[in-house]
Amino acid sequence: MPIKAAKTRWQDVVLVCRKCSKKLDDQGFGPDGDKHLKKALKKYLKAGKGRKAEITVRWTDCFDVCPKKSVVAVNAARPTELLVIAPGTDLLEIKARLGLDDGRRLKAPPRPLAAE
């Protein structure tokens with residue numbers, strides 16, 4: 001059978017270690033510290049669903065780093081840098097360290113009011 005391709009609109013793919021997240025009892029991230037990293041990132045980055053989204057956050061198997069009381073995540077576009085993220089880390093900082101701070105998902109600056 002020949003190889004087939006499925007198209008996506010993904011511009012960024014963030015992989016989060018499932019094993020690390022389970023060790024934290026799926027808690028520690030987000031504004032209230034009550035979500036696991038994947039769910040908190042999906043909400044914060046406004047990641048859509050499926051192949052039509054611009055960004056996706058996915059579970060992955062172990063990266064063989066296995067930190068204590070932290071979660072490993074990586075932007076698939078930058079595989080040379082695995083991030084070890086402690087619970088309670090600010091989501092804005094995580095976004096920047098993953099290399100996602102590129103302006104695509106930022107609100108446009110307000111336009112100045114016209115003089116009357």
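Scroll up a little and you will see the structure.
Here the structure is a predicted model, which means the values were calculated and not measured.

Participant: Any details on the pairing of strand β3 (residues 71–75)? Residues and values, ideally.
Facilitator: Most of β3 is tucked away: five of the five residues are buried. Residues Val71, Ala73 and Asn75 of β3 are buried on one face, and the alternating residues Val72 and Val74, pointing to the opposite face, are buried as well. Pairing of strand β1 (residues 12–17) with β3, which is carried by three bridges, proceeds in the antiparallel orientation. Along β3, the bridge assignment pairs Val16 with Ala73.

Participant: Before we move on, could you go through a positive patch on the surface and cite the residues and values that matter?
Facilitator: Positive charge collects at one region of the surface, where Lys19, Lys23, Lys68 and Lys69 lie side by side. By the secondary structure assignment, Lys69 is in the loop between β2 (55–60) and β3. On the basis of relative accessibility, which here comes to 70%, the residue Lys69 falls in the exposed class.

Participant: Account for the side chain of His36, naming residues and giving values.
Facilitator: Of note, His36 is situated in the loop between α1 (18–23) and α2 (37–45). On the accessibility criterion, His36 (18% relative accessible area) is buried. At 3.2 Å, the side chain of His36 and the backbone nitrogen of Lys39 are in polar contact.

Participant: How would you summarise the nonpolar core if you had to cite specific residues and measurements?
Facilitator: With 22 residues, the main nonpolar core has Val14, Val16, Phe29, Leu37, Leu41 and Ile94 as its most contacted residues. When contributions to this core are tallied by element, the ones reaching two or more residues are β1, α2, β2, β3, β4 (83–85) and α3 (91–97). The element best represented in this core is α2, accounting for four residues. Sequence-distant contacts of Leu41, defined by excluding residues within four places in its chain, comprise Val14, Val16, Lys46, Val57, Leu91, Ile94 and Leu98.

What counts, and where the lines are drawn
Residues numbered from 1 in each chain as written. Predicted model: local features only at pLDDT ≥ 70, side-chain atom pairs only at ≥ 80, totals over all residues. Heavy atoms only, no water. Buried < 20%, exposed > 50% of the residue type's maximum accessible area, 1.4 Å probe, protein only. Helix = DSSP H or I, 4+ residues; strand = E, 2+ residues; numbered from the N terminus. Pairing = 2+ DSSP bridges. Patch = residues over 30% accessible without salt bridge, like charges linked within 9 Å, V, L, I, M, F, W, Y side chains within 5 Å. Areas by Shrake-Rupley, 256 points an atom, 1.4 Å probe, with all protein chains shown as cover. Salt bridge = Lys/Arg side-chain N within 4 Å of Asp/Glu carboxyl O. Lys, Arg positive; Asp, Glu negative; His and termini not counted. Charge placed at Lys NZ, Arg CZ, Asp CG, Glu CD. Polar contact = N/O pair within 3.5 Å; in protein donor to acceptor, adjacent residues only side chain to side chain. Core = buried A, V, L, I, M, F, W, Y, C linked by side-chain atoms within 4.5 Å. Contact = heavy atoms within 4.5 Å.

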